[in-house]
Amino acid sequence: MLTKLQNTILEKIATGAPLSETVDHLCRSVETMSSDIVCSVLILDPDNRLRHLAGPSLPTHYAAAIDGAPIGHGVGSCGTAAFTGKPVVVTDIATHPYWTDYKALALPIDLKACWSSPIIVAGKVLGTFAFYYHTTRGPTKFEQSIVDACVHLCGIAIERDQRIAESRRLAETDALTQLPNRARFNNVADEHGRSSRSWSILLADVDNLKLVNDSFGHEAGDTLIRTVAARIASVCEQGMGFRIGGDEFAIIVCSEREPDLAALAARLLEAIKAPCPCGDHVFYPSVTLGGAVANPDEPAELVRQNADYALYHAKERARGNYIEYVPGLGTSIVKRFRAIQDVTEALREDRIEAFYQPIVEIKSGRIISLEALCRMRTREGEFIAAGHFHEATKNANVAFELTERMLAIVAADARRFIDAGLTFKRIGVNLSAADFYRGGLAARIASRFTDVGVPLDKVIVEVTESVYLDQRDQIVGEQIRDLRKAGMSVALDDFGTGFASLTHLLSVPVDVIKIDKSFIDRVVVDRPGAVIVKGLLDIAEGLDIRVVCEGIETEEQARTLVQLGCTLGQGFLFSRARDRDTIATMLREDSLKTTRKRKRLAHA
């Protein structure tokens, strides 16, 4: 009988049956061998407390009462056996001092004696195997042989279960931070998605990790990640903080009612921003947070996607802060994703082209300069203006690649125009914020034009006022100075739409300001609009800065601007943006008109 039981238990262990099921079967089988035996198996947790594993004949309240009891000398039969590593036989629970604190639990359910044996594997106590008796007695020789076999079988089963659990823990634990990893996050999120409880996801992205790695080395970056991980763990519920990527963390929030994610996010931001010493340096960590509250019956994948949308939006619009998902947020981000995908494909398939809009002398209509504008050609041959894929340019990598492509195209076109004998004073290229934060901007632009023999005094780079005013760490200002020092001109585009532009012009001068269309629209119908434009023209003249009025669409606007003192303009009144061949024709015709006019004046 004992051999058959051993084989059955070993088979369960080998086939991966749950530990509790295996040990429960063992206890039930042993109890059939004697009417006086009640079997119990306890295991030790990491805190050296006894945890109930199996005891099919013990009342539930008894098992619950001893669950979590600390081991120690005199803590019943099992607590003492686990503590000493030796078997403990108590033949009379009513009188034995080990049971002083526990006999009130045992005697009412007719447990009068207890024999407990430690389960030891490789010198480590894993738990206890115990026989309770309904009579005051000790073990028989036959029971001794049963216990020897059962302790051995329990040791095999528990040790295998712990080994599997440890392997699973390592597989689900991030090595650097010791937080649960992405695999564990996915499992826990799926569990919550199937439950009826209120829950949410917070995603955190560590700011400036790449900068720390590049500036101070990856050891410093690892210190920053470990610090952020520890601070996240200190704020969230135990086991509910996860590292799911290089600089990305997740937190699962559970509550009986809808959680206040904003309050938790505020506590996280406050906890994380404390100074972080690292060798000779001190970092001030920050994270950007996005969160989403799960709606009833909402799958985990959708909650995670919504939190992703919120985090993406926060990184674009509110870095270092928290944004919570609201319906519709995903739509705008999906639109941006699609725009990025479209532009990326167009770059790969060489479908980015330059169109050119003339900048003219308003009185005569003579073309003075050109502004290059980005166009994306569809696979069907239609041209799409940059405004329709503007969302894609909010991605720094896409914006940078577009500029690089436009520089190459414009430089080649400028060379063609010069070789064809066409005259233009300057040809302009628009820059994005991303271009200023890659370093070496002036050298990059200069090499594109000088490599094809275009003089740099033919080049004017256009910077929007929003970029110009964003002079973080003086990067933009320094790059503008470098561009002008290299021989290029700098134009400030959309002038008047930002703040404190005139103040900035004192510290970071430019060569041209282009007054925004919103002012030009009002010069005829709105006296204050005309006054502002006149004031800007006067100030620019005093600072020796040329002015171009943008968005001129009517003859009346043109006449008014000339009266106000503006000489250069740009807009649909003169020409829309045209492809290179059309603009070349326009330059040629413009040159012929100028030549004929000079001849007439010479003969007059």
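That block above? That's the structure.
Calculation notes
- Residues numbered from 1 in each chain as written.
- Predicted model: local features only at pLDDT ≥ 70, side-chain atom pairs only at ≥ 80, totals over all residues.
- Heavy atoms only, no water.
- 1 Å grid on protein atoms, 1.4 Å probe; cavity = no way out; pocket = protein on both sides within 12 Å on 5 of 7 lines; lining within 4 Å.
- Points joined across faces, edges and corners; volume = space filled by probe spheres on them.
- Helix = DSSP H or I, 4+ residues; strand = E, 2+ residues; numbered from the N terminus.
- Nonpolar A, V, L, I, M, F, W, Y, C, P; charged D, E, K, R; others polar.
- Axes fitted to C-alpha atoms, helices over the stretch in contact; angles between N-to-C directions.
- Left-handed = near helix turned anticlockwise from the far one by under 90°.
- Contact = heavy atoms within 4.5 Å.
- Pairing = 2+ DSSP bridges.
- Core = buried A, V, L, I, M, F, W, Y, C linked by side-chain atoms within 4.5 Å.
- Buried < 20%, exposed > 50% of the residue type's maximum accessible area, 1.4 Å probe, protein only.
- Expected span 1.5 Å × (residues − 1).
- Arc of directions from axis to C-beta.

### Some thoughts on empty space enclosed by the protein
- Taken as a whole, this structure holds one cavity of 30 Å³ or more when the rule is applied.
- Here the largest cavity defines a volume of roughly 110 Å³.
- Surrounding the largest cavity, 13 residues form its lining, Leu50, Ile66, Val75, Cys78 and Gly79 being those nearest its centre.
- Mapped by element, the contributors of at least two residues to the lining of the largest cavity are α3 (60-66) and α4 (76-84).
- Looking at which element gives the most residues to the lining of the largest cavity, the answer is α4, with four residues.
- Classifying every residue of the lining of the largest cavity by side-chain character gives 10 nonpolar, three polar and no charged.

### Some thoughts on the packing of helix α15 (residues 441-450) against helix α17 (residues 475-485)
- Following both chains from N to C, one finds α15 and α17 inclined at 35°, their axes separated by 8 Å at the closest point. At the point where α15 passes α17, the crossing takes the right-handed sense. Seen from α15, the contacting residues are Leu441, Ala442 and Ile445; seen from α17, they are Gln479, Asp482 and Leu483.
- Here the contact of α15 with α17 is composed, by residue class, of four nonpolar, one polar and one charged.

### Considering the sheet that holds strand β1 (residues 37-44)
- Ordered by their spatial adjacency, five strands build an open sheet running β2-β1-β5-β4-β3, and the pairing between neighbours is antiparallel. A single partner strand is all that each edge strand has here, and the edge strands are β2 (50-54) and β3 (88-90). Averaged over all neighbouring strand pairs, the angle between strand axes comes to 25°, with direction disregarded.
- Relative to β2, β1 runs antiparallel, the two sharing four bridges. Across the sheet, leucine 44 pairs through a bridge with leucine 50, a residue of β2.

### Considerations on the nonpolar core
- With 76 residues, the main nonpolar core has Tyr356, Phe417, Ile445, Phe449 and Leu561 as its most contacted residues.
- Here the element with the most residues in this core is helix α13 (residues 396-419); it accounts for nine residues.
- Beyond its immediate stretch of four places on either side in the chain, phenylalanine 417 contacts Tyr356, Leu370, Leu422, Phe424, Ile427, Arg580, Ile583, Ala584 and Leu587.
- Judged by nonpolar contacts, the second largest core, of 30 residues, contains Ile13, Cys27, Phe129 and Tyr133.

### Observations regarding unusual backbone geometry
- For asparagine 48, which is not glycine, the phi torsion reads 60° and is therefore positive.
- As for its position among the elements, asparagine 48 is in the loop between β1 and β2.
- For aspartate 110, which is not glycine, the phi torsion reads 65° and is therefore positive.
- With respect to the element layout, aspartate 110 can be found in the loop between α5 (103-106) and β4 (113-121).

### Side note on helix α20 (residues 527-542)
- The terminal C-alpha atoms of α20, which comprises 16 residues, lie 23 Å apart, in line with the 22 Å expected from a rise of 1.5 Å per residue.
- Of the positions making up α20, those classed as buried are Gly529, Ala530, Val533, Leu536, Leu537 and Ala540. The buried residues of α20 occupy an angular sector of 125° when projected down its axis, which confines them to one face. Away from the buried face of α20 by more than 90 degrees, exposed residues Arg527 and Gly542 are located.

Honestly, that's just the spatial picture; any functional story needs more than this.
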